[in-house]
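Structure at a glance
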Amino acid sequence: MRRQATADPAAFERTTAPRDRAATASSAARPALDCAAAGARPAVFRHGERRPGRVGCGALQSVIPAPSLPRPRLLEITWPIFSEHLLHMLVGVFGVWLVSRLSDEAAAAYGLSNQIMLTFMITFRFVSVGASVVVTQCLGARDRAAAEKVARASLAASLWLGLASCAVIALGARPLLELMRLPPSLFPIAQPYLMAVGVMLAFDAMNFSMGSVLRAHTYGRDTLRLIIVMYVVQLSLSLPLMFGVGAWPGLGMNGLAIAAVIARACSFWMHRQLWIARLGIRPTFEDFWRIRREQLREVLHIGLPGAGENVVYRISFMMILAMVADMGQTALTTHTYTMQIVHFLLLFGMAIGFGTEIVVGHHIGAGELHGADRQVRGGLAVGFAVCVALVLATALLGPRLLGLFTSDPEVIATGSKLLWLTLLVEPGRTLNLVVINGLRAAGDARFPVGFGVFSMFAVAVGLSWLLGVHLGWGLAGVWVAYAADEWVRGLAMSARWHFRGWVPHARRTLRRMRLSSRPA
C-alpha cells in the first residue's frame, strides 16, 4: 500500500490535506507524504497581515506568513528566460562571425578559448543555482526575510569564487590551452585573448547570482532589459576595438575581450540598482566579502551537486573537444561553427528547464507537491513539441546557416550532416533539462550528478573515442555519442521523477521551511 500510494499522482492531493481533515479520514493506509506527522501548533501571524489560505497541510500552514508574491506561471517565467538566452546566443554567434572576419584560425582559437571560460563559469555558478532554488522555496513558503538573507549571502561567495577563477586563468592560460591540445600555430592568438577575457569572470560570478535572485522573485523581465543594455554596450565597443578607427588598426580578438569586460562591469552596477528598486535590498560592502556560512549551508546542499553535474559535463565535453582537435583544424572549425547553431536549438529547452525550476521551487516551498508533479510533466510536453520543430527547421536550413560562417565546402557539407544527426540529440537533452531542474527544485540534487558522472564519461566520452576515433566515424561518431549520453541520462532522470524518488527530499524541504519560519 505504501508504494502504491506514492506512485499514484492522486496521492499528492490526499497528502496535502489539513490536519482537521485527517481526523475524519477513512482507515485506508496513509501515503508517505502525510505532512501532519510534522506536528501542528497554533498559527502565528505578523501584525497587519492577512490570514493565509491553505497551502498544503496544517503543520505548514501554521508557520507560513501571508503571501507576498503571486504563484508564478510557467510561460510567464519562461519567455523572459528564453529571450535572455537567445540574446546570449545571438551575441555569441555574432562574436564568432566577427572573429571569423579575421580568419578561420582565429575562429577556432576563439571557440576553444571560450570553452575554457565556460568551464570556469560553471564552477562558480553553483552559488547562483543553489541561491535560486532556496530563494524560490522561501518565497513559496511566504518567508521573504529568509529569502533576503540567502540573497545577501550569495554575494560574497560569488565574488570570492570569481576572483579565484580569474587568477587561475591569468596564471595558467598556456597550460590550459595545452591541455585542450590547441594547435601550436594558434597559441599567439588564443593565449592573450584568454588572459584578457578572464577578468570578466569576477563580474560574471556576481551577475549570475544577482540575476538568479531577481528571476526567483519573478522579475525576469527586468533582467531581460538589463541584458539588452549590457549587450548594446558590448557590441558598440567591439567593432572599433577589434577593427580599429581611422589609422588605428585595432586590437583584434583582444578588443572583443575588453568590450566584454566593460559591459559586465556595467551589468553589475545595473543589477545592484535593480536589487534596490525591486527587492528593497541595498548590498553593503560587508555583503561582498563576509562569508555567511549559516545561510550558505542550504545553498551549497543544492548548488554543489547541481554545479558538480555541470562541471562533469563540461570536463567530458572538453575531453571530447580534445579528440576533435586531434582530428585536425578542419574538424575543429566544423565543430565550432556547428555548435554555435546547435546552441540555438537548446534555448527553449533551457528556458523551460529554468522556468520549471522556479515554479516547482515555489510549489515545493508551499507544500503543493501535486502541483510540482504536474508542472514537470507539462513542461516536458511543451519542450518536446518545440524542440522537434526547431531541429527540423534548422536541419533543412543547415547549408545556408553554415554559409554565414564559412565558404569552405567541406565544413558546410560535414556540418549539414551533423545538424540532421542533432534530431537524435535534442529531444534527449530537453528531457534532461526539464526533469533535472525539477529534481533540483525539489531538493533532490545529488542523484543527477551521481548518475551523470557515469553516463558522461562512460557513454559520451567512451563512445566518442570508440566511434569517432577508433572506428574512424569522425564528427558523426561524436554526435552519436552526444545523443546516447543525453537519452541515457534523460531516461534515468525521468524514472527517478516518475517513481517519486524526489519525494523524501521534498519532505525534508517542508520540514526545514517549517523550522526556519518559527519565531525566535
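Moving on, we come to the overall build of the protein chain. Tallying secondary structure elements over the protein chain gives 21 helices and 0 strands in all. Relative to its 520 residues, the protein chain shows a buried fraction of 57%. For the protein chain, restricting intrachain contacts to residue pairs at least 6 apart in sequence, the fraction spanning at least 24 positions comes to 81%.

If you walk through the whole model with that rule in mind, you get 18 salt bridges. Residues Glu486 and Arg429 are paired through a salt bridge, measuring 3.4 Å at the closest nitrogen-oxygen approach. With a gap of 57 residues between them, Glu486 in helix α20 (residues 475-498) and Arg429 in helix α18 (residues 409-441) connect regions that are remote in the sequence. Each member of the pair, Glu486 as well as Arg429, is classed as buried. Through salt bridges that share partners, Glu426, Arg429, Asp485, Glu486 and Arg489 make up one connected network.

Now for the side chain of Thr223. For Thr223, the location among the structural elements is in helix α10 (residues 220-243). With residues near it in sequence (within four places) discarded, Thr223 still touches Glu84, Gly211, Leu214 and Arg215.

Moving on to the packing of aromatic side chains. Using the criterion set out here, one finds 11 aromatic pairs in the structure. Here the aromatic rings of Phe447 and Phe451 are separated by 6.2 Å at their centres, their planes lie at 25°, and the arrangement is stacked. Highlighted residues: Phe447 and Phe451, both in helix α19 (residues 446-470), separated by 4 residues, approximately one helical turn. Given a relative accessible area of 23%, Phe451 falls into the partly exposed group. For the ring pair Trp497 and Trp502, a centre distance of 4.2 Å and an interplane angle of 10° mean the geometry is stacked. A residue is classified by how much of its surface remains accessible, and Trp497, at 3% relative accessible area, is buried. Taking relative accessible area as the criterion, Trp502 reaches 0% and is therefore assigned buried. Members of the aromatic cluster, joined through ring pairs, are Tyr313, Phe317, Trp479 and Tyr482. Directly above the aromatic system of Phe187 lies the positively charged group of Arg174, at a separation of 4.5 Å from the ring centroid.

Moving on, we come to the nonpolar core. Most often, soluble globular proteins keep nonpolar side chains buried together rather than apart. Counting residues in each nonpolar core, the largest one holds 63 residues, and the members touching the most others are Ile116, Met117, Ile169 and Trp479. Ranked by residue count, the leading element in this core is helix α6 (residues 104-140), at 11 residues. If near-sequence neighbours (up to four positions away) are discounted, Ile169 is found in contact with Ile116, Met117, Phe120, Leu176, Leu194, Met195, Gly198 and Leu201. Val360, Leu369, Ala492 and Trp502 belong to the second-largest nonpolar core, a separate cluster that totals 27 residues.

Reading guide: rules and limits
- Residues numbered from 1 in each chain as written.
- Predicted model: local features only at pLDDT ≥ 70, side-chain atom pairs only at ≥ 80, totals over all residues.
- Heavy atoms only, no water.
- Helix = DSSP H or I, 4+ residues; strand = E, 2+ residues; numbered from the N terminus.
- Buried < 20%, exposed > 50% of the residue type's maximum accessible area, 1.4 Å probe, protein only.
- Contact = heavy atoms within 4.5 Å.
- Salt bridge = Lys/Arg side-chain N within 4 Å of Asp/Glu carboxyl O.
- Phe/Tyr/Trp six-rings, centres within 6.5 Å; stacked < 30°, edge-to-face > 60°.
- Lys NZ or Arg CZ within 6 Å of the ring centre and 35° of its normal.
- Core = buried A, V, L, I, M, F, W, Y, C linked by side-chain atoms within 4.5 Å.

Geometric values such as these leave the question of function open.
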